[in-house]
Amino acid sequence: MIKTIILSDSLQLHPVTLSDQSKLYSLMETIYPPVYKHLWANEDCSFYINLFYSKTPLKNELSESDSEYYFVVCNNETVGIIRVRYNQTNPEKTSKSSTYINRIYLGELARGKGIAKQLFHWITQRALDHNNTLLWLKAMDTQTQALRFYEKEGFKVTGTTRLEFNLLHKHLRGMVIMEKVLDD
């Protein structure tokens, strides 16, 4: 069983379990819309939240091997989530020794506190622990603040893709694929 991970005196990662589904869903209803609602028709994010944070999708994701899913807790407040998948090949590459940062969402309470930087340091260490020498992620190409952060962390754009959800505005469906090569 995965245990709570202490990153600092004020920052911990608590494992997401199936019994946490309602807490996860509620958290995403709070932290996702302020940043992403403009992408969706009528600014209604419920399709996305239902697609990934309902009980069945959560159960499926928790059953996947080589993955970890956590609540990000700062000063005893749940401020976000992170999900990483080890040994996941970037569709643009042939390397199998890579870690996919599948989800990272941080709410307003997490901003400007260095939390994301600490999370990326932890992800790097975990990737290396799994003998993965590449990190990769996908990000909406309109999220300039996130893209700047990833670039400061050493990520480079290596490809593009699109989300084909009908409820997303067509001109806002673009995503970039970003990678960071890790030094052993």
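S.K.: How do you make sense of the overall build of the protein chain when you look at a structure like this?
M.R.: When helices and strands are tallied, the protein chain shows 6 helices and 8 strands. Secondary structure of the protein chain in N-to-C order comes out as β-β-α-α-α-α-β-β-β-α-β-α-β-β. In summary, the protein chain has a C-alpha radius of gyration of 16 Å against a globular reference of 16 Å for 184 residues, a match within 12%. Seen through its principal axes, the protein chain has C-alpha atoms that stretch 45 × 35 × 35 Å. Considering the protein chain as a whole, with its 184 residues, one finds that 47% of them fall into the buried category. Within the protein chain, contacts between residues at least 6 apart in sequence are counted, and of these 61% link residues at least 24 apart. Positive and negative side-chain charges in the protein chain, numbering 22 and 20 respectively, have mean positions lying 2 Å apart.

S.K.: Would you explain the nonpolar core in this entry?
M.R.: Within soluble globular proteins, side chains that are nonpolar tend to cluster in buried spots. Ranked by internal contacts, the top residues of the largest apolar core, which has 30 residues, are Val72, Ile82, Ile115 and Tyr150. Counting residues per element, the ones that place at least two in this core are strand E2 (11-15), strand E3 (67-74), strand E4 (77-85), strand E5 (98-106), helix H5 (115-129), strand E6 (134-140), helix H6 (144-152) and strand E8 (174-181). With 7 residues, H5 is the largest single contributor of residues to this core. Not counting residues up to four positions away in its chain, the partners in contact with isoleucine 115 are Leu11, Val72, Cys74, Val79, Leu106 and Ala110.

S.K.: Please clarify how the pattern of salt bridges should be interpreted in this entry.
M.R.: Where charged atoms from two side chains of opposite charge come close, those side chains can pair. Throughout the structure, instances matching the rule amount to 10 salt bridges. The residue glutamate 68 makes a salt bridge to arginine 126 at a minimum N-O spacing of 3.0 Å. Placement of glutamate 68 in strand E3 and of arginine 126 in helix H5 is noted, with a sequence separation of 58 residues between them. Residue glutamate 68 is classed as buried on the basis of its relative accessible area of 7%. Under the relative-accessibility criterion, arginine 126 is labelled partly exposed at 22%.

S.K.: Help me understand the packing of aromatic side chains, please; the structure alone is not making it clear to me.
M.R.: How two aromatic rings sit relative to each other is set out by the distance from centre to centre and by the angle between their planes. Considering all chains together, one arrives at 19 aromatic pairs under this definition. Look at tyrosine 32 and tyrosine 48: their rings are 4.5 Å apart centre to centre, the planes differ by 15 degrees, and that puts the pair in the stacked class. With a gap of 16 residues between them, tyrosine 32 in the loop between helix H1 (21-31) and helix H2 (33-36) and tyrosine 48 in helix H3 (residues 46-53) connect regions that are remote in the sequence. With a centroid separation of 5.7 Å and 75 degrees between ring planes, the pair formed by tyrosine 32 and tyrosine 105 is classed as edge-to-face.

S.K.: Before we go on, may I ask you to explain a nonpolar patch on the surface in this structure?
M.R.: Residues Phe47, Leu51 and Leu167 make up a contiguous nonpolar surface patch of about 230 Å² in total accessible area. Mapped onto the elements of the fold, leucine 167 is located in the loop between strand E7 (156-162) and E8.

S.K.: How should unusual backbone geometry be read in this particular structure?
M.R.: One can expect most non-glycine residues to show negative phi and most peptide bonds to be in trans. Despite not being glycine, asparagine 42 shows a phi value in the positive range, around 60 degrees. Take asparagine 42: it is sitting in the loop between H2 and H3. Residues other than glycine seldom take positive phi values, yet asparagine 76 does so here, at roughly 65 degrees.

S.K.: Explanation requested: the sheet that holds E2 in the structure shown.
M.R.: Strand-to-strand pairing in sheets goes through backbone hydrogen bonds, with the strands running parallel or antiparallel. Judged by pairing direction, the sheet is mixed, and its 8 strands sit side by side in the order E1-E2-E3-E4-E5-E6-E8-E7 without closing on themselves. Each edge of the open sheet carries a strand with a single partner, namely strand E1 (5-6) and E7. Pairing of E7 with E8, which is carried by 6 bridges, proceeds in the antiparallel orientation. Note on E8: the bridge partner recorded for lysine 156 is glutamate 179.

S.K.: I tried to follow the packing of H3 against helix H4 (residues 55-63) on my own but got confused; where do I start?
M.R.: Between two packed helices, what matters for the description is the angle formed by their axes and the separation of those axes. Two numbers describe how H3 lies on H4: the axes approach to 5 Å, and their chain directions differ by 45 degrees. Classified by the interaxial angle, the pair formed by H3 and H4 is oblique. Taking contact as the criterion, the partners of Asn50, Leu51, Phe52 and Tyr53 in H3 are, on H4, Lys55, Pro57, Leu58 and Glu61. Its residues assigned to classes, the contact of H3 with H4 shows 5 nonpolar, 1 polar and 2 charged.

Analysis parameters
Residues numbered from 1 in each chain as written. Predicted model: local features only at pLDDT ≥ 70, side-chain atom pairs only at ≥ 80, totals over all residues. Heavy atoms only, no water. Helix = DSSP H or I, 4+ residues; strand = E, 2+ residues; numbered from the N terminus. Rg over C-alpha atoms; globule rule 2.2 N^0.38 Å. Buried < 20%, exposed > 50% of the residue type's maximum accessible area, 1.4 Å probe, protein only. Contact = heavy atoms within 4.5 Å. Lys, Arg positive; Asp, Glu negative; His and termini not counted. Charge placed at Lys NZ, Arg CZ, Asp CG, Glu CD. Core = buried A, V, L, I, M, F, W, Y, C linked by side-chain atoms within 4.5 Å. Salt bridge = Lys/Arg side-chain N within 4 Å of Asp/Glu carboxyl O. Phe/Tyr/Trp six-rings, centres within 6.5 Å; stacked < 30°, edge-to-face > 60°. Patch = residues over 30% accessible without salt bridge, like charges linked within 9 Å, V, L, I, M, F, W, Y side chains within 5 Å. Areas by Shrake-Rupley, 256 points an atom, 1.4 Å probe, with all protein chains shown as cover. Pairing = 2+ DSSP bridges. Axes fitted to C-alpha atoms, helices over the stretch in contact; angles between N-to-C directions. Parallel < 35°, antiparallel > 145°, perpendicular 65-115°, else oblique. Nonpolar A, V, L, I, M, F, W, Y, C, P; charged D, E, K, R; others polar.

Spatial relationships are all this shows, so hold off on functional conclusions.
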